[in-house]
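Analysis of the macromolecular model
Residues per chain, in single letters:
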Amino acid sequence: MAALASPPPTAVPTVLYVDDCESNRLVTRHALLAAGYHVEVADSAAAALARLRLGGVDLLITDQRMPDTTGVALLRRAREEVPGVARMVVTAYEDDDAREEAERDGLASRWLTKPWSPEEIVGAVAAVLDPVACACGGGQELLPVDGLEAAERACRAIGGDE
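Now for a description of the structure that goes with this document. (Residues numbered from 1 in each chain as written. Predicted model: local features only at pLDDT ≥ 70, side-chain atom pairs only at ≥ 80, totals over all residues. Heavy atoms only, no water.)

So, about the packing of helix 2 (residues 45-53) against helix 3 (residues 71-81). Think of two packed helices as two axes; the pair is described by the angle between the axes and how far apart they sit. Close contact between helix 2 and helix 3 brings their axes to 11 Å; oriented N to C, the two are set at 20°. Judged by the inter-axis angle, helix 2 sits roughly parallel to helix 3. The two elements helix 2 and helix 3 cross, and the hand of that crossing is right-handed. Contact residues: Ala45, Ala48, Leu49, Leu52 and Arg53 in helix 2; Leu74, Arg77, Ala78 and Glu81 in helix 3. Along the lines of polarity and charge, the residues of the contact of helix 2 with helix 3 split into six nonpolar, no polar and three charged. (Axes fitted to C-alpha atoms, helices over the stretch in contact; angles between N-to-C directions. Helix = DSSP H or I, 4+ residues; strand = E, 2+ residues; numbered from the N terminus. Parallel < 35°, antiparallel > 145°, perpendicular 65-115°, else oblique. Left-handed = near helix turned anticlockwise from the far one by under 90°. Contact = heavy atoms within 4.5 Å. Nonpolar A, V, L, I, M, F, W, Y, C, P; charged D, E, K, R; others polar.)

Okay, here's the thing in structure tokens:
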């Protein structure tokens, strides 16, 4: 009888974070690195698209308001050019029209309002990248930030942190 082969090890997900503000890039990168993700950063939509075209990115997180474009516009381009990449928005501003557009057009799995805690962004990323493990359904709907609390608890419970 042949021995069963072990499944290959799971690769560490790669997150690309786009923000024109250097301090936001540093803080986000640190929070996600501490959670075990591979993190790359870009300071513009053009740099993000160039990196996405190289492949290997699992999740694109973008700021909504940047000098050269909006996060929603970047997500639309990313979906067209690299459709298999999950997408998420972070913003310091209430922008109901942009949020409605992202939801209506299926551009983002999550919309997170700044300031966020490291636990919030890690929970949101975990929910987007592994919606089954985090009990978040299909992971394609936009959830309000307060809806992330349940996802974070589920992810911590699965990871044995509770």
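Turning our eyes to something else, we now look at the sheet that holds strand 1 (residues 14-18). The strand order across the open sheet built from five strands is 2-1-3-4-5, with neighbouring strands paired in parallel fashion. Each edge of the sheet is formed by a strand with only one pairing partner; in this case those strands are strand 2 (38-42) and strand 5 (110-113). Between one strand and the next, the sheet's axes are offset by a mean angle of 20°, whatever the strand orientation. In terms of strand pairing, strand 1 meets strand 3 (residues 59-63) through four bridges, oriented parallel. Each bridged residue has a counterpart across the sheet, and for valine 15 the counterpart in strand 3 is leucine 59. Most of the contacts of helix 1 (residues 22-34) go to strand 2, to which it runs at about 170°, and overall it touches strand 1, strand 2 and strand 3. Across the face of the sheet, helix 2 comes into contact with strand 1, strand 2 and strand 3 while running at roughly 160° to strand 1. (Pairing = 2+ DSSP bridges.)

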